Amino acid sequence: MVETQTPLVAVEDLTVRFVSRDLDISVVNGVSFTLAAGEAMCILGESGSGKSVTLRALMRLLPPAARIGGKISIGGLDVTTLADNDLRRLRGGLVSMIFQEPMTALDPVFTIGTQIAESVVFHDGVSYAAGRKRALELLELVQIPSAPRRLDAYPHELSGGLRQRAMIAMALACRPRVLLADEPTTALDATVQIQILLLLRELQRDLGMATIIVTHDLGVACEVADKMAVMYAGRFVETGSSIDVMETPRHPYTRGLFQSTVHGGMRGAPLDPIPGSPPDLADLPPGCAFAPRCKLKQPICEAGVPELVASTVDHLTRCVMAG
């Protein structure tokens, strides 16, 4: 049941720039959204659109060259102003993250049980024995077979699917209220992908977490999300309920993503891909960033960046030609 009180996550006009001696690149440009406890949102788009940077900005897991602007409120805390000690408590406590590749996110020299128990000890202040007991409960929660034996396994001793489940267990170790997942099924085969997605959705509903999943896979998006945000060149170009966006896509980019996706009913039919390539964020075109690739392009599209316009109460589109 989705709550209707103050949003658990509220992001307002989020910007992220990477600044170096030679470059100043805006990677995220004015992203805003809210999310209540028990809701799941999917951020969808091509590689390089700013999805993962947006997700990492919520936990301030960006390199020193990153400059974050706007407001990020999670559980009533202003994440942009937190001191380092408070950030360490936030990460893994209030907010947890499932990373794209567990083999690089898990420490190869410690067992799975040790890594999970360490997080529980730090955030909950319990003994190592209690942390290890909690680790076993979590491995069973994410349906890892022979869980007691897997506690003492190292990451390289597990299959890709089991490593991803172990990563989910670690993310859930301290009962976070917000779960972030950065393309959690990218490296897995189709059968394991479905298992992980169903598990994530079940855990999210049972534990009442707000969940944000980043992906470029439409199948993932429609399986797990209540809300959908389509991202292009650092901006949300279409947002709404998953049903609205999937059934009545209004932005040409969203339609292009759907038309260029392979599904079972397309056997023998040609794909209709989006022409061209995503723009260089260091040299964005004038006006709408998608205009150079858009079949509906008009002179007005280059006059300025379109605003998000509501077609229904909750369905917004950043396009002057949307219909």
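Residues numbered from 1 in each chain as written. Predicted model: local features only at pLDDT ≥ 70, side-chain atom pairs only at ≥ 80, totals over all residues. Heavy atoms only, no water.

1. Structural notes on the nonpolar core
Counting residues in each nonpolar core, the largest one holds 60 residues, and the members touching the most others are Phe33, Ile74, Leu180 and Ile212. Element by element, the count of residues in this core is highest for strand S2 (residues 24-35), at six residues. Those residues within four positions of Leu180 in sequence are excluded, and the remaining contacts are Leu55, Leu58, Met59, Val95, Ser96, Met97, Ile98 and Ile212. Counting 36 residues, the second-largest nonpolar core is a separate cluster that includes Val120, Leu172, Ala181 and Val220. (Core = buried A, V, L, I, M, F, W, Y, C linked by side-chain atoms within 4.5 Å. Buried < 20%, exposed > 50% of the residue type's maximum accessible area, 1.4 Å probe, protein only. Helix = DSSP H or I, 4+ residues; strand = E, 2+ residues; numbered from the N terminus. Contact = heavy atoms within 4.5 Å.)

2. Notes on the environment of Leu197
Assignment of secondary structure puts Leu197 in helix H8 (residues 190-207). With 27 residues separating them in the primary sequence, Leu197 and Val224 have C-alpha atoms 6.8 Å apart. Setting aside residues up to four positions removed in sequence, Leu197 forms contacts with Thr185, Val220, Glu223 and Val224.

3. With respect to the sheet that holds strand S6 (residues 95-98)
Taken in spatial order, the eight strands make up an open sheet running S6-S7-S8-S3-S9-S10-S12-S11, and their pairing is mixed. This sheet does not close on itself; its edge strands, each paired only once, are S6 and strand S11 (309-310). With five bridges connecting them, strand S3 (residues 40-44) and strand S8 (residues 210-215) associate as parallel partners. Bridge pairing in S8 places Met41 opposite Ile212. The sheet strands contacting helix H11 (residues 252-259) are S3, strand S9 (227-232) and strand S10 (235-241), and the helix crosses S9 at an angle near 100°. (Pairing = 2+ DSSP bridges. Axes fitted to C-alpha atoms, helices over the stretch in contact; angles between N-to-C directions.)

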